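Coordinate inspection notes
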Amino acid sequence: MKYSREVQIGGSLVLAALLFYVGQRFFRDLPLFAGTHSYITVAQDAAGIIPGNAVRINGVYVGSVTDVRINEGAAWVGFTVSTDVRLPHGTTAILGGFGFVGDVRLDLILGPPDTTYYAPGDIIPESPREDMLADLAAYAPALLAQLDSLLSGASSTFSATDALLSSPEGELRQSIHSVGATATALTDLLNAESAQIGATLEDVRTLAHALSALAADSLTTTVEELNRVIAQLQDNLTGLARTTAALNIFLERINSGHGTLGKLATDDQLYNSTAEAAAALRRLLEDFEQNPRKYLKDIRLVDIF
Amino acid sequence: MICVENISKSFNGRAVLRDVSLEMQEGETLAIIGRSGSGKSVLMKHAIGLLQPDKGRVLVDGIDIGRISYRELRTVRRQFGVLFQGGALFDSMSAFDNVAFPIRTFTDSTEQQVRDRVLRCLDLVNLSDVGTKRPSELSGGMIKRVALARAVALEPRYILYDEPTSGLDPHTSTTINNLIKGLADQLDVTSIVVTHDMRSVLSIAHRVAFIHRTRMHWVGDIDALHRSEDRTLRAFVKANEYAIGHPAQAYS
Amino acid sequence: MAALEQRLIRPLYSLGRYALLLSKGFTSLGHFSVYRKNLIVQCGRVGIDSIPIVALAAAFSGAVTTVQTAYQLVSPFIPPSVIGAVVVPSLILELGAVVTGFILAGRVGARIAAELGTMRVTEQIDALEAMGLNSIGYLIVPRIMAGIIMFPVLYVTAVLVGVGGGLAAAVATDVVSTGEFIRGARENYLVFGPMFGLIKSFVFGFVITSISCYMGYYTEGGAEGVGRSTTQAAVISCVYILLSDLVLALVLL
Ligand SMILES: Nc1ncnc2c1ncn2[C@@H]1O[C@H](COP(=O)(O)OP(=O)(O)O)[C@@H](O)[C@H]1O
Ligand SMILES: [Mg+2]
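My aim in this report is to walk through the structure given alongside it, one point at a time. Predicted model, so just to flag it, every value in this text is computed and none were measured. (Residues numbered from 1 in each chain as written. Chains lettered and ligands numbered in written order. Predicted model: local features only at pLDDT ≥ 70, side-chain atom pairs only at ≥ 80, totals over all residues. Heavy atoms only, no water.)

1. Considerations on the interface of chain A and chain C
Across the boundary between the two partners, chain A contributes 26 residues, which contact 27 residues of chain C. When the buried surface of chain A facing chain C is broken down by residue, R5(A), F20(A) and F27(A) rank first, second and third, together holding 27% of it. Counting across the chain A and chain C interface gives 2 salt bridges. Across the pair E6(A) and R36(C) runs a salt bridge whose closest N-O atoms are separated by 3.6 Å. Mapped by element, the contributors of at least two residues to the side of chain A that touches chain C are α1 (4-27) and β3 (60-71) of chain A. With 12 residues, the single largest contributor to the side of chain A that touches chain C is α1(A). Of the residues assigned to the side of chain A that touches chain C, the class counts are 14 nonpolar, 7 polar and 5 charged. (Contact = heavy atoms within 4.5 Å. Buried area = accessible area lost by both parts, 1.4 Å probe. Salt bridge = Lys/Arg side-chain N within 4 Å of Asp/Glu carboxyl O. Helix = DSSP H or I, 4+ residues; strand = E, 2+ residues; numbered from the N terminus. Nonpolar A, V, L, I, M, F, W, Y, C, P; charged D, E, K, R; others polar.)

As structure tokens, then:
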């Protein structure tokens, strides 16, 4: 055959190219003919990961690290995942492994099954570090207990105040004495609680601070969430404090005899502001009662426990 | 017309040619003679720019081939046919392919045309049955003849022969001499024959250039050669006449 | 003084002549049709004809690496997959290309130098030139191209056969199972490895063929000169393989 040599050479070139491709994919443990998507994760500590290290989900190889570089003081780790694996939002990445034979790897923890997925090229957040979680785990029950007691305490105070305010005039006068007692109890409670509220807030802030100091990028969202909740809580508590102040004035006037109920009834401004505060309180209260953990629910950390 | 003007050449500090000048007329056959190792082949290689002179220049049709680009030089070279001393057949190819090589490379001939031409050239040198053989399977005389067929395959204007008859039996020598003569007459080519075979010189050359001790010792036509009183030249001619019939000695 | 001059000038002269040879070859190429046939022939000789010996050498180097790794590393504290993790990357990164390089230096380099050297001393190169052909382009370019084109094929062959040989040796000596071997190889796999090997093989292909062409093309002094060029081509190619290996490792890794 005239062209046999050409055919041999051409054949060997094609075969070599094919074997090169297949061999490479074989050792990367990628499906032979499927494509890959690339993603990025940003870590404080890349744990010595290098291009070629495995990417795994639940211990199954799904791709490999393609690129590691320093960007803005953090390690940017590019990796590919075969196209048949999709990463739902909430997926996080852990860099590490036990490196005796260079067995460093990138593990992906899939987020909850979701209809939304990360698109190729997205940044997959780094999983919170385990020691950080341990801190939180130890701390969270106390935090929750504190918040609970704060809320239930406030709740009973508000119920009492609410009952007091919404009761008919006659009954109010009759029970003026008991009102005095209740008011004192209320004030005490509020005073006590406000200290606790302050402490709680301080704790939350410390924790948030600690978290953001440790924070890998992946934690940023959580911390932001936490901050938002804290801010909201703080608003509500400010409202609580204002209401408490108004109640204190109201109760004081009644006690000192200046403020009679008649006066309260005639003094529109005072009545209105009191009523307003009461309404705000009621709303707050209803809110708390309907979903007692509404303000915490957004904090993902709470879900963890 | 080829003009060699005052060229000098030395290898590794040893002078081979010193201030050599030579002029070849269109259509003539010039023999360059001299002892073995006197620089005849070196001079010939200068004519096609295979060697560059240390001093002096070579003009081919008025073009200084030392000053033109490699591309232009190659164009100039295509007017030459060269028969090298050992034949210089490409030993990776058959005899046929050797002769066909320049035809295939430089013309757009069809394979049939190539074939016709190659066979004609081989016929010219009295070889028609060696086509498929490799150079290693051919005798010295056959190699020279195939090489000659290759040299003339493109009908060059200039043919350079480096020792065309050395090492050949007298019969083959005569054949080749006749061939050279025939080509010169038929095709109006300018031939340079490097040789020390005086019989060959006398039968084919119009003029003779004698290189001795790195210099162009004597240049003249055949009549002048016969009449020359130059002792060195006479000694060379005489020594060569004795050598005729002892081809083994004649190889250089 | 003269000796010093010789020491300094000679290498520069050679380097310059080498560079000129290459530039002359690649700049005045002329029509591809003139070289096509030559290229095919050379690809066949450099590539196809070298496959058996390269495969043989690669199989043995894979096997030997495996056995030696097993001997050196395996203890109760080290998983046997380490063998795969050592052998496969060694073949991909280093042995595949270098073993092939050495074999080609001996086989192809010597052959090229002998061919061209013979052509030089029997005036075949002069004959090509005298015809008005670019002898460098005609003789050297196809050989270098063949080296660059076919060496990667041999590299891939060497790596695959080497891994096969290593695996066979591992399984035969019962130190690691196929699965473990492959797992080790996969866990320690470097994505850039094959690319690096491929780049190496291009460079080695060029180094071997171009040096051998240089040696052969500028042969002097008859049959003896051919012998000298042949030996030098093989030796110098090997030296430059090692050198370029080092340079590539420094530059690319
Ligand atoms: N390329 C070369 N390198 C070194 N020396 C050479 C070269 N070519 C020729 N010579 C030397 O030049 C001298 C003349 O050689 P040459 O022309 O071949 O002689 P001849 O007259 O027999 O043809 C010889 O001594 C030869 O050794
Ligand atoms: Mg000679």
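2. Comments concerning helix α1 (residues 40-47) of chain B
All names here are of chain B. Within α1, 8 of the 8 residues are buried, which leaves the element mostly enclosed by the surrounding structure. Within α1, the full set of buried residues consists of K40, S41, V42, L43, M44, K45, H46 and A47. Two residues or fewer past α1, G49 is found with a positive phi of approximately 75°. (Buried < 20%, exposed > 50% of the residue type's maximum accessible area, 1.4 Å probe, protein only.)

3. Points about the site of ligand 1
Residue and element names in this part refer to chain B. Taken together, F11, R14, V16, R35, S36, G37, S38, G39, K40, S41 and V42 are the residues near ligand 1. Between ligand 1 and the protein, one listed contact pairs an oxygen atom with a backbone N or O atom of V42 at 2.9 Å. Protein burial of ligand 1: of its 560 Å² of free accessible surface, 64% is covered by the chains. The set of elements that each furnish at least two residues to the shell around ligand 1 consists of β2 (14-24) and α1. For the shell around ligand 1, the element with the most residues is α1, which contributes 3 residues. Its residues placed into classes, the shell around ligand 1 shows 3 nonpolar, 5 polar and 3 charged. (Near = heavy atom within 4 Å. Polar contact = N/O pair within 3.5 Å; in protein donor to acceptor, adjacent residues only side chain to side chain. Areas by Shrake-Rupley, 256 points an atom, 1.4 Å probe, with all protein chains shown as cover.)

4. Some remarks on the packing of α1(A) against helix α2 (residues 32-46) of chain C
The interhelical angle for the contact between α1(A) and α2(C), taken along N-to-C directions, is 60°, at an axis separation of 10 Å. Comparing the axis directions of α1(A) and α2(C) gives the class oblique. For the element pair α1(A) and α2(C), the recorded crossing hand is left-handed. Packed against α1(A), whose contacting residues are R5(A), E6(A) and I9(A), the element α2(C) presents R36(C), I40(C), C43(C), G44(C) and R45(C) at the interface. Considering only residue class, the contact of α1(A) with α2(C) consists of 3 nonpolar, 1 polar and 4 charged. (Axes fitted to C-alpha atoms, helices over the stretch in contact; angles between N-to-C directions. Parallel < 35°, antiparallel > 145°, perpendicular 65-115°, else oblique. Left-handed = near helix turned anticlockwise from the far one by under 90°.)

5. Regarding the sheet that holds strand β3 (residues 29-34) of chain B
All names here are of chain B. Ordered by their spatial adjacency, 6 strands build an open sheet running β6-β7-β8-β3-β9-β10, and the pairing between neighbours is mixed. In this open sheet, the two edge strands, each paired with only one partner strand, are β6 (80-83) and β10 (215-221). On average, each strand axis in the sheet is inclined to that of its neighbour by 15°, with strand direction left out of account. Across 4 bridges, the pairing between β6 and strand β7 (residues 158-162) is parallel. Bridge pairing links G81 to I159 in β7. (Pairing = 2+ DSSP bridges.)

6. Thoughts on helix α7 (residues 178-187) of chain C
Along α7(C), the residues classified as buried are F181(C), I182(C), G184(C), A185(C), R186(C) and E187(C). Where α7(C) is buried, its residues meet α1 and β3 of chain A together with α3 (51-73), α4 (81-121) and α6 (135-172) of chain C.

7. A look at the packing of α2(C) against α4(C)
Remark: α2(C) packs on α4(C), axes separated minimally by 11 Å, with the N-to-C direction vectors making an angle of 140°. On α4(C), the residues that touch Q42(C), R45(C) and V46(C) of α2(C) are L104(C), R107(C), V108(C), R111(C) and E115(C).

8. Some thoughts on the environment of G117(C)
Residue and element names in this part refer to chain C. Within the secondary structure layout, G117 lies in helix α4. G117 sits in the buried class, given a relative accessible area of 0%. Other than its neighbours up to four places away in sequence, G117 contacts I112, G216, T219 and V226.

9. A few points about the side chain of N134(C)
Inspection of the secondary structure assignment puts N134(C) in the loop between α5 (124-130) and α6. From its side chain, N134(C) meets the backbone nitrogen of I136(C) in a polar contact 3.2 Å long.

10. Topic: the interface of chain B and chain C
Reports of interface size often rely on the accessible area that becomes lost once the parts have come together. Taken together, the contacts link 23 residues of chain B with 20 residues of chain C. At the boundary of chain B with chain C, total buried surface from both sides reaches about 1,700 Å², with 59% on carbon and sulfur atoms. Taken together, chain B and chain C are joined by 3 salt bridges. Among the ionic pairs, R77(B) bridges to E129(C), the shortest N-O distance being 2.5 Å. For the pair chain B and chain C, the number of links is 8 residue pairs in polar contact (both at pLDDT 80 or more). Listed by contribution, the elements that provide at least two residues to the side of chain B that touches chain C are α2 (70-77), β6 and α3 (95-106) of chain B. A per-class count over the side of chain B that touches chain C returns 13 nonpolar, 3 polar and 7 charged.

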